[in-house]
Each structure stands twice: as structure tokens, then as C-alpha cells.
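Breakdown of the fold
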Amino acid sequence: MSGRAVEALENAGVAHRVVNHGPVRSLAEAAAARGVEIPDVVKTIVVRRGEGDYLFVLVPGDRVISWPKLRTLLGVSRLSMPDAATAFDATGYERGTITPFGSLVPWPVVADERMAGREITLGAGEHGVAVAVDADTAVRALGATVADVSDPEQSES
């Protein structure tokens, strides 16, 4: 497989493993298909700070963005998530495939601190494909800010 994401990983010297897993309908299915635990399926979320100003937030699969923590970290009072079309325009990737690697614009990256020291999987720019990488190496390659920016996913009971 070749694509912008894999090419960007190679250009950055980030060792990676491409995981072709086919269609998945949930985070649990993605974890099973990738052979990892749910926290190691890292979600890449596009966040809008302002007009034409975005960033990527990397969050373990069992967690969600903590908007108060992220606003405090960034020193802003307002953040939002763009719709799918806007996220595509900002990154060149469809939802479910988004990764900071190979994005049309190298937006800043914030990585939740819980990824440290783990092998994680990220979207690879196309549906049914992921990349497995060392989180610390990926964070360094992206120049990411590492911080506590997530809360546990609330399960429905």
C-alpha cells in the first residue's frame, strides 16, 4: 500500500506496520481487526480553533476529548469539531481515515499523555487500513504537544 500517510511516515523515518483489516463498524471491531486493545486504537480528531485554524487531537480509543482541559491547554475559550466535509477540506482525509501523517496541511498536534510508551494504531488515510507505530516516536515526529486532554469514555448502561 502506498499513500500520503505511509509516505509521510517513511519520510519522517517512523518505523511502522501497515494493517489491512477491511471494513469495521465500531472501535471494538477495529481493535479486534488490528489485533490490539481498544486504548491502542488512537482516534485522530480534527478540532477547529477559528476560521481556517485547525489542530489534530490524538486520543486513546477508550477515552474522549476533555473540552475544558483542551481549552485550558490551548488558552482559548471556544473550540469546535468541523463537519465531515470541512474536516476533509482541511486534511484531505475522510472521517474514519484521518491521520496527522500526510495531511494536506501540517496542523499542530496534541497527543493525550496516556499514549506514551505504547504501540498504537492510527488511521492510514484510507478505509480499512491502519498503521501501527510506537507512540513516542510518532509524537516526536509530529512535534506534538503531550498533555492530559481526555476523559474516560462513558459507557451506556
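Described below are features of the structure shown in this document. What you are looking at is a predicted structure, and each value in this text was computed from that prediction instead of being measured.

The next thing to look at is the nonpolar core. Membership of the largest hydrophobic core comes to 28 residues, with the highest contact counts inside it found for L58, M115, I120, L122, V131 and V133. Looking at this core, the elements with two or more residues in it are helix 1 (4-11), strand 3 (53-59), helix 4 (84-91), strand 5 (109-112), strand 6 (119-123), strand 7 (129-134) and helix 5 (135-142). The contacts of V133, once residues within four sequence positions are left out, are L9, V14, A15, H16, R118, E119, I120, L122 and A138. Counting 11 residues, the second-largest nonpolar core is a separate cluster that includes I45, L55, V59 and A147.

Of the volumes computed, that of the largest pocket is approximately 490 Å³. The wall of the largest pocket is formed by 27 residues, among which K43, R95, G96, T97 and I98 lie closest to the centre. Contributing elements (two or more residues each) for the lining of the largest pocket: helix 2 (27-34), strand 2 (43-50) and strand 6. Ranked by residues supplied to the lining of the largest pocket, first place goes to strand 2 with four residues. Here the lining of the largest pocket is composed, by residue class, of 14 nonpolar, nine polar and four charged.

Attention now moves to the sheet that holds strand 8 (residues 145-147). The strands that make up a sheet are held in pairs by hydrogen bonds between backbone atoms, and each pair lies either parallel or antiparallel. One open sheet holds the four strands; their spatial order is 2-3-5-8, and the pairing between them is mixed. Each having just a single partner strand, strand 2 and strand 8 make up the two edges of the open sheet. Strand-to-strand twist across the sheet, computed as the mean angle between neighbouring axes with direction ignored, equals 25°. Direction of pairing for strand 2 relative to strand 3: antiparallel, over a ladder of seven bridges. Pairing of K43 across the sheet is with V59, part of strand 3.

A side chain with one charge may pair with a side chain of the opposite charge, provided their charged atoms come close. For the coordinates displayed, the defined rule picks out 10 salt bridges. The salt bridge partner of E29 is R25, with a shortest N-O separation of 3.3 Å. D53 is paired through a salt bridge with R49; the nearest N and O atoms lie 3.3 Å apart. With relative accessibility at 28%, the residue D53 sits in the partly exposed group. Here the residues in one salt-bridge network are K69, D112, R114, D148 and D151, joined through shared partners.

Attention now goes to the packing of aromatic side chains. The final tally for this structure, using the stated rule, is one aromatic pair. Plain terms: the ring middles of Y54 and W107 are 5.3 Å apart, the flat faces sit at 75° to each other, and that makes the pair edge-to-face. Residue Y54 is found in strand 3, and its partner W107 is found in the loop between helix 4 and strand 5; the two are separated by 53 residues along the sequence. Given the relative accessible area of 9%, Y54 is considered buried. Sitting above the plane of the Y93 ring, R4 keeps its charged end 4.4 Å from the centroid.

This part is about the side chain of D40. Its place among the elements puts D40 in the loop between helix 2 and strand 2. Residue classification places D40 among the buried positions, given a relative accessible area of 10%. Aside from chain neighbours lying at most four places away, what touches D40 is R118, E119, I120 and T121.

The subject of this paragraph is the sheet that holds strand 7. Taken in spatial order, the three strands line up as 1-7-6 in an open sheet, and their pairing is antiparallel. Both outer strands of the open sheet, strand 1 (16-20) and strand 6, are each paired with one neighbouring strand and no more. When the angles between neighbouring strand axes are averaged without regard to direction, this sheet yields 30°. Sheet topology note: the strand 1/strand 7 ladder contains five bridges and is antiparallel. Bridge pairing links N20 to V129 in strand 7. Contacts from helix 5 reach strand 6 and strand 7, with the element oriented near 95° to strand 7.

What counts and how
Residue positions are given per chain, counting from 1 as you read along its sequence in written order. Given that this is a predicted model, residues contribute local features only at a pLDDT of at least 70 and side-chain atom pairs are listed and counted only at 80 or more, while totals for whole chains, interfaces and linings are drawn from all residues. Side-chain measures here rest on the full set of heavy atoms in the structure, leaving out hydrogens and waters. By convention a nonpolar core is built from buried Ala, Val, Leu, Ile, Met, Phe, Trp, Tyr and Cys residues, the set being connected through side-chain atoms within 4.5 Å. Type-normalised accessible area, obtained with a 1.4 Å probe on protein chains alone, sets the label of each residue: buried when under 20%, exposed when over 50%, and partly exposed for intermediate values. Helix numbers and strand numbers start at the N terminus; a helix is a DSSP run of H or I with at least 4 residues, a strand a run of E with at least 2. Contacts were defined at the residue level, with two residues in contact if any of their heavy atoms lie within 4.5 Å. Think of a 1 Å grid over the protein atoms and nothing else: a 1.4 Å probe that fits but is trapped marks a cavity, an open set flanked by protein within 12 Å on at least five of seven lines marks a pocket, and residues with an atom within 4 Å of a point count as lining. Grid points are joined across faces, edges and corners, and a volume is the space filled by probe spheres set on the points. Under the scheme applied here, ten amino acids are nonpolar (Ala, Val, Leu, Ile, Met, Phe, Trp, Tyr, Cys and Pro), four are charged (Asp, Glu, Lys and Arg), and all others, including Gly, are polar. A pair of strands is considered paired only if DSSP assigns at least 2 bridges between the two. For helices, the axis comes from a line fit to the C-alpha atoms of the stretch in contact; other axes are also lines fit to C-alpha atoms, and the angle between any two N-to-C directions lies between 0 and 180 degrees. Salt bridge criterion: a side-chain nitrogen from Lys or Arg within 4 Å of a carboxyl oxygen from Asp or Glu. For Phe, Tyr and Trp, where Trp contributes only its six-membered ring, two rings pair if their centres lie within 6.5 Å, and the inter-plane angle classes them as stacked under 30 degrees, edge-to-face over 60, or tilted in between. A ring is considered to have a charge above it if a Lys NZ or an Arg CZ atom is located within 6 Å of its centre and within 35 degrees of its normal.

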